[in-house]
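# Examining the three-dimensional arrangement
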Amino acid sequence: MKIAIIGAGIVGTATAHALLDEGHEVLILDKEGPAFGPSRGNAGIIAHTDVLPIASPNMLRKVPGFLLDPLGPLAIRLGYLPQLLPWLARFLLAARPAAYERSIAGIIAIQQLALPAWLARAEKAGISGHIHRRGALYTYRNPGDTAGLQELAKRQRAAGIAVDMLQPQELRQLEPALRDRFAGAAFHPDCAHISDPLALTMALFETALARGATYEKAEVINISLGERPALIGPDGWQRVVDRVVVAAGAWSKPLAAAMGDAIPLDTERGYNVSFPGVTGLTSRPIGFKDDGFVMTPLESGLRIGGAVEFGGLQAPPNHARTRALYDKATKLVDGLPAFDSGKLWMGFRPSLPDSLPVIGKASRNPNVVYAFGHGHYGMTQSTATAGLVAALIAGRAPAIDMGHFSPQRF
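Everything in this summary refers to the structure shown in the same document. Remember, it's a predicted structure, so these values are computed and weren't measured experimentally.

### Notes on the nonpolar core
One broad trend across soluble globular proteins is that nonpolar side chains are buried collectively. If you look at the biggest cluster of nonpolar residues, it comprises 48 residues, and the most contacted ones within it are Leu-19, Val-26, Trp-118, Val-245 and Ile-359. Listing elements by their share of this core, those giving two or more residues are strand S1 (2–6), helix H1 (10–21), strand S2 (25–30), helix H4 (97–125), strand S9 (192–194), helix H7 (197–210), strand S21 (368–372) and helix H10 (378–394). When residues no more than four places from it in sequence are discounted, the contact partners of Val-26 are Ile-3, Ile-5, Ala-16, Leu-19, Leu-20, Ala-213 and Thr-214.

Structure, rendered in structure tokens:
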């Protein structure tokens, strides 16, 4: 079959490989180019250890504060609030205890596939050198958080995720650059990070082309309802194929709407600063629980980021948020370079209220399959998603219960 993939980010590119494995003719389409969006600017962590959704019972009480702190870990631009209200309503529903547990079940299901899928794909594509397995740390400063993190560790271990709770002195033995400000940390020895998100995505894209995939820079604004869907561009351009995969990230919502699915997709605007050439300060990714950011030692340089802002796709970046992240980091880590030497970035994470992606067939045309909405976990879940999409297209039973990710769950 000839299959078109709309989106040349990490999810679309990984899906191209999964479909090539099955002998399909693959056409990748993107209006900007490969690795244009968050696939080039994310934290670079294969974070299969994360099992909790953003919407939680404890999160509900924090929502008013999001409107009051424009530089906080999660902020909402006041001017965007009217557009965000439907998403927020579903976010509040997803935070109810029963819905929260359902989201966790779905997250765990796909996260259990994530690391094995990545290791297998990297080996097959000849890019294993891009993946580093030095573990990851999740630090905390408030001793009162210890019990809650130990409960989380129990949940993670039950899902097959290795985790060790560290004392402050053990933490500093692993990462001497950390200041003496921490009550402890969770250490995930099996966690992996990558050389650089842009480098990895481009390597995967180029190997897909070498295997026979083709690429065309084109914008798709609609998809026809025929048995052989036609992809339609703004100037009358068309491509007729046998199947379509929508993996356009934050830009997927209008295409899903045309296929009869009202997906409550919005955009988490993520910020970071990278310091090219700064390597060796830390050895592994470090998450800072109390301050809402992560630090990753990429081969291309140190990256500090992770803040979330809801403000849509049009508003300009507010890099005062990036500076706020950096200022927090200087109080916790020794040896950071000057902020002005860093490279600033803001990107659009495709976010759904229950922290689960949409993976499944379109309502109005079963020959169209969705693969978007991964939020913070596009890099992590990309190769697992690719395998699920390939199974759906082949008519095989996927490896996990797809009800968690159904486009019709909303």
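Following the structure, the description resumes.
### Details of helix H9 (residues 320–330)
Taken together, the buried positions of H9 are occupied by Arg-321, Thr-322, Ala-324, Leu-325, Tyr-326 and Ala-329. Tucked into the core, H9 has its buried residues touching strand S4 (74–76), strand S15 (266–276), strand S17 (293–298), strand S18 (301–310) and strand S19 (343–351).

### Side note on the pattern of salt bridges
Taken as a whole, this structure holds 17 salt bridges when the rule is applied. Note that Asp-21 is salt-bridged to Lys-124, the shortest N-O span being 3.1 Å. On the criterion of sequence distance, the pair formed by Asp-21 in helix H1 and Lys-124 in helix H4 is long-range, its members being 103 residues apart. By relative accessible area, Asp-21 is classed as partly exposed at 33%.

### Quick notes on the packing of aromatic side chains
Taken as a whole and judged by the stated rule, the model has nine aromatic pairs. With a centroid separation of 5.2 Å and 55 degrees between ring planes, the pair formed by Tyr-326 and Phe-339 is classed as tilted. Of the two residues, Tyr-326 is situated in helix H9 and Phe-339 in the loop between H9 and S19; the sequence distance between them amounts to 13 residues. Tyr-326 sits in the buried class, given a relative accessible area of 8%. Among the residues examined, Phe-339 registers a relative accessible area of 12% and is labelled buried. Ring-pair connections join several aromatic residues into one group, and the members of that group are Trp-87, Phe-91 and Phe-310.

Parameters and conventions
Residues numbered from 1 in each chain as written. Predicted model: local features only at pLDDT ≥ 70, side-chain atom pairs only at ≥ 80, totals over all residues. Heavy atoms only, no water. Core = buried A, V, L, I, M, F, W, Y, C linked by side-chain atoms within 4.5 Å. Buried < 20%, exposed > 50% of the residue type's maximum accessible area, 1.4 Å probe, protein only. Helix = DSSP H or I, 4+ residues; strand = E, 2+ residues; numbered from the N terminus. Contact = heavy atoms within 4.5 Å. Salt bridge = Lys/Arg side-chain N within 4 Å of Asp/Glu carboxyl O. Phe/Tyr/Trp six-rings, centres within 6.5 Å; stacked < 30°, edge-to-face > 60°.

Nothing here speaks to function; it is geometry throughout.
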